[in-house]
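Chain by chain, the residues:
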Amino acid sequence: MSEGQRAANAALDRAESARARARARSRDVRAEAEEWRRIRERNHLAELIRRTVLGEEGG
């Protein structure tokens, strides 16, 4: 294998590693966004329950 081929293979390996890290970060971001969505939903439901229990209007 020539030096040029080795360099090209090394560059390809680095690019594939960077792509894998980007996919992992993307999964992490999506998981965090989903967690915050659940937290907001739970807080909203808790507020609705609180208003119902206290007999408040609005919402």
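Residues numbered from 1 in each chain as written. Predicted model: local features only at pLDDT ≥ 70, side-chain atom pairs only at ≥ 80, totals over all residues. Heavy atoms only, no water.

### Brief notes about the environment of arginine 21
- Here arginine 21 is to be found in helix H1 (residues 3-54).
- Taking C-alpha positions, arginine 21 is 27 Å from glutamate 3, a pair spaced 18 residues apart along the chain. (Helix = DSSP H or I, 4+ residues; strand = E, 2+ residues; numbered from the N terminus.)

### With respect to the environment of serine 17
- Tracing the chain through its elements places serine 17 in helix H1.
- Distance in space between the C-alpha atoms of serine 17 and alanine 33 is 24 Å, their sequence separation being 16 residues.

### Description of H1
- Look at H1: 76 Å from first C-alpha to last across 52 residues, which is about the 76 Å you get at 1.5 Å a residue.
- At the C-terminal side of H1, glycine 55 shows a positive phi close to 75°. (Expected span 1.5 Å × (residues − 1).)

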